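These are the residues of each chain, in order.
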Amino acid sequence: MSMPEAAATAEGQEPDGKIRSSSPRHIRVVGVLTEDEEAQGAFKTMDLNRVINLLEETDKDDLEEKQLNSVKKLVQCYQNGLPLRDLAQIFKILNLCAEKIENQPHFIESAFNILQLCGLPFLKKKVSDEITYAEDTANSIALLGELMKIPNSELRIQICKCIIDFYHAEPPKKHITGYQQANSSYKIKMAEVSGLAKTMVESLTLLENQLVEKLWVLKALQHLSTSEVNCTLMLKAQAAKEICAHLNDPDPSGQLLFRSSEILWNLLEKSPKEETIQQLSNLECLLALKEVFKNLFMRGFSHYDRQLRNDILVITTIIAQNPGTPMIECGFTRDLILFATFTEVKSQNPLVKGLKLSNSYEDFELKKLLFNIIVILCKDLPTIQLLIDGKVILALFTYVKKPEKHKIMEWSAAQYEELQLHAIATLSSVAPFLTEEYMLCQGNARVLAFLEWCESEDSFFSHGNSFHGTGGRANKFAQMRYSLRLLRAMVYTEDETINNDLCEKGTIQQLIGVFKNTISKSNDKEEAIVLEIQSDILLILSGLCEHHIPRKEIFGTEGVDIILHVMKTDPTKLRTGLGYNVLLLSTLDSIWCCILGCYPLEDYFLEKEGIFLLLDLLALNQKKFCNLILGIMVEFCDNPKTTAHVNAWRGKKDQTAASLLIKLWRKEEKELGVKRDKHGMIIDTKKPLFTSFQEEQKIMPLPANCPTLAVMDVAENIRAKIYAVLGKLDFENLPGLSAEDFVTLCIIHRYLDFKIGEIWNEICEEIKLEKLRPVNTDKKILEAITTASENIGKMVASLQSEMIESQAHQDVQNEQKVYTKIQATHKQRELANKSWENFLARTSNAKTLKKAKRLQEKAIESSRYSKPPPNAIFHRTDIKGLNTTVPSGRVVTVESTPARLLGGPLADTDIALKKLPIRGGALQKVKAVKTVNELKKSVPT
């Protein structure tokens, strides 16, 4: 940050881009005040240049007394604050006084008095003064650090007090007319710009044996280190190394250790952490930290000492994360392991003889910090032997047991629970490096017994207050989770001794039972932790069963059932972020490791429609699952029963498995940037499978044991797996494929040929790059291979073209059929309309009706025999008196005319006179029906 910017920041304004010089200007500053002026709070002008000139003179005899008097008057005038416009001249006067101290000791008092003024508020007359005089102010504050070189204790202490006052600004004693106090953060910003922090760190080298002054400097640095800018400057002066190396210097007050640790904390937090750790990662600093920690651990009994001890341990933990830190060389690692385990494992070491931790908060935190630093130390392989010697595994296993009732414990129930969880978490990190010690302590038996207690119904109230206890309040889920993490860590060491011991103890059956219980006990509150437990169980089972058929048989149908249960999870839950994705990935891994290769389990999986569930998951089109699912499908297709299940599957919109796989192929090629036209046809017959990445990368000669781009492409995408699945399903007679699918299927069918062609092309290119010339026979063979590969591409492209043309022709035919159907529909509609028009004509025109009647009768007569057969009974087909021109039976119901008004539609016909076995309706003969005229006559007038 530049000085104008810093000043603008302190003032809350933007800098104007250019710092205006503070000179030339009128010479002003406070002078001697009259009583009236003092009452009004006014500055009286004073010639500061005269004071400077007087201090620069050296010839006169009584000069020293005049100089001292002029400075004394100056100090009297500035009792209420220092105007920014005169700050440069005042600090010049201070510098001149400091230069005279060596030969004229009387100037010490003058310099001291001026330094006292520096702790007063800075005053501004204009709002812009903070920006205008930013450079003068920064240079003046920088002078304070330079004055630390003066070998005078009083001056050095006063400089430190002055710096501390920057952070505790007080208002002026009196209000000065025409002036106002500068922003409270202005001094702090100017101190950052001036580089004061760096010079103060450098001054520590001058104070090796001066404890009081050193403590004041550390106090000033403690304030300065609250800023990131200052911390960076301090690091440049090697502050971390310099301060840490002297942590153990004698100090009866204890301030040196407290202030030094506080500065180290600030440096770690507010400056580049890596650089700070690098400065602290040396033998000198670690020896100092070690001695300080040992002293506080063994002799610190107050609340303050314990807090400081824990702070030192945290700083040590941060340093220990640096791989190059000489923790073992300085002996700190051995001591830390001893302190971490002495309460669980008896030791005769004099360092811990008679020591005992209380259940205070500080000692409880210490125990957790020691567990934590063991996890960090175990990553350094030379530390392993020290962990073995310190019996760390045995100490940690003392917590892996169910709580004993009526036993006096040094920790409270909540503290013990948190330490128990922390110890198991520590074991998960440390035990994989110490497998022999783990087995000597019967680690598997202890963990399985503890897991059995976690599953039991014993009354236990878990507090669940800690980080490790999250989700485990009023249940044993937290203990179960960390026990399973420990088992998972041990199983994945792939140590057969451990895995065989686990299987012999019935771990597979026990874990399947735990999984089933978690399904029945889980609820929404503990859903996340239950999902994590289930995922760990499946991962442990996968690690145990992989490559072992007998263990897969032990896994059995019960294990397959829990896998199928997870696969039936609602797909919408995969987006909740609770852990269903991890659980599903663990499930797919367990299918691969626990089912594949064991034919009875494969058959049971198929019977329970497991392949359908796999294809349902594949249809979700989630990239993170596709690769694993397709790999499982490839292996499953070795089972002859799988093909029928795959072909029988149907997805949304009656999608088949083959159509789904081809769709995934097209999507994968689109993401890879493979060149295809709008129909999905091959564009480049020489490189039909080339991705955009392969196009960008240039072919380089590689050793024979290094895979080329074409080979790596096989493993880096799912095309090879899709080819393998479709190949095992047989490329012909695949159901439910469209023309576009068949076009893509042509490419998939020739995938292996294309890939072989790619590899031969790479071989030819590498030969050219290495400037090798093959013999004629080899050259002809290479040319024949490349030509054959290109011909295959051309053949596939030609076949694709024929398919597209055939489909286009088929589309035209289908379109013609649709048009024919539409035309027939329109013709039928026209006939219906014409029939309706004829009907309307008959009902509205009597002549048309009669004509239609005659035509009807003629048609009827023409259909009869000219000579009736002998003995035939003649039946009339018409009804006399019926005035309709449509074919009629003996019963007609007219819904438009109510029967009560007309007596029925057949009331005037002869058939109405006959008695029928039904009553009512249209066939009922109405005895008396009055006409409209008769109704009018019957109405009285």
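For clarity, every value in this text was computed on a predicted model and none was experimentally measured.

Visitor: Help me understand the pattern of salt bridges, please; the structure alone is not making it clear to me.
Guide: The tally for this structure, following the rule as stated, stands at 30 salt bridges. Where Arg 156 meets Glu 213, a salt bridge forms, and the shortest distance between an N and an O atom there is 3.0 Å. With Arg 156 in helix H9 (residues 153-166) and Glu 213 in helix H12 (residues 211-224), this residue pair connects regions lying 57 residues apart in the sequence. For Arg 156, a relative accessible area of 5% translates into the label buried.

Visitor: I would appreciate a short explanation of the environment of Ser 456 in the present structure.
Guide: Locating Ser 456 in the fold gives a position in the loop between helix H25 (443-455) and helix H26 (477-491). Residue class for Ser 456 comes out partly exposed when judged on its relative accessible area of 24%. Placed 20 residues apart in sequence, Ser 456 and Lys 476 show a C-alpha to C-alpha distance of 9.2 Å. Looking at Ser 456, its side chain comes within polar contact range of the main-chain oxygen of Trp 453, at 2.6 Å.

Visitor: Is there a simple way to explain the packing of aromatic side chains in this structure?
Guide: Two descriptors summarise a pair of aromatic rings, namely the distance from one centre to the other and the angle between the planes of the rings. A full pass over the atoms with the stated rule returns 16 aromatic pairs. Ring centres of Tyr 723 and Phe 731 lie 6.0 Å apart, and the angle between their planes is 35 degrees; on these two criteria the pair is classed as tilted. Exposure remark for Tyr 723: the relative accessible area of 21% places this residue in the partly exposed category. Given a relative accessible area of 13%, Phe 731 falls into the buried group. Ring-pair connections join several aromatic residues into one group, and the members of that group are Phe 293, Phe 297, Phe 332, Phe 339 and Phe 342. In this structure, Lys 100 is placed above the aromatic ring of Phe 107, and the distance from its NZ or CZ to the ring centre is 5.9 Å. Between Lys 187 and the ring centre of Phe 122, over which it is positioned, the NZ or CZ distance is 4.5 Å.

Visitor: It is not clear to me how the nonpolar core should be interpreted in this structure. Could you clarify?
Guide: In globular proteins that are soluble, nonpolar side chains generally tend to be buried together. Counting 235 residues, the largest nonpolar core has Ile 93, Met 200, Phe 555, Ile 591, Leu 614, Phe 636 and Leu 726 as its most contacted members. For this core, the element with the highest residue contribution is helix H29 (residues 527-545), accounting for 10 residues. Those residues within four positions of Phe 636 in sequence are excluded, and the remaining contacts are Ile 591, Ile 595, Leu 596, Glu 602, Phe 605, Leu 606, Ile 611, Leu 614 and Thr 642.

Procedures and definitions
- Residues numbered from 1 in each chain as written.
- Predicted model: local features only at pLDDT ≥ 70, side-chain atom pairs only at ≥ 80, totals over all residues.
- Heavy atoms only, no water.
- Salt bridge = Lys/Arg side-chain N within 4 Å of Asp/Glu carboxyl O.
- Helix = DSSP H or I, 4+ residues; strand = E, 2+ residues; numbered from the N terminus.
- Buried < 20%, exposed > 50% of the residue type's maximum accessible area, 1.4 Å probe, protein only.
- Polar contact = N/O pair within 3.5 Å; in protein donor to acceptor, adjacent residues only side chain to side chain.
- Phe/Tyr/Trp six-rings, centres within 6.5 Å; stacked < 30°, edge-to-face > 60°.
- Lys NZ or Arg CZ within 6 Å of the ring centre and 35° of its normal.
- Core = buried A, V, L, I, M, F, W, Y, C linked by side-chain atoms within 4.5 Å.
- Contact = heavy atoms within 4.5 Å.

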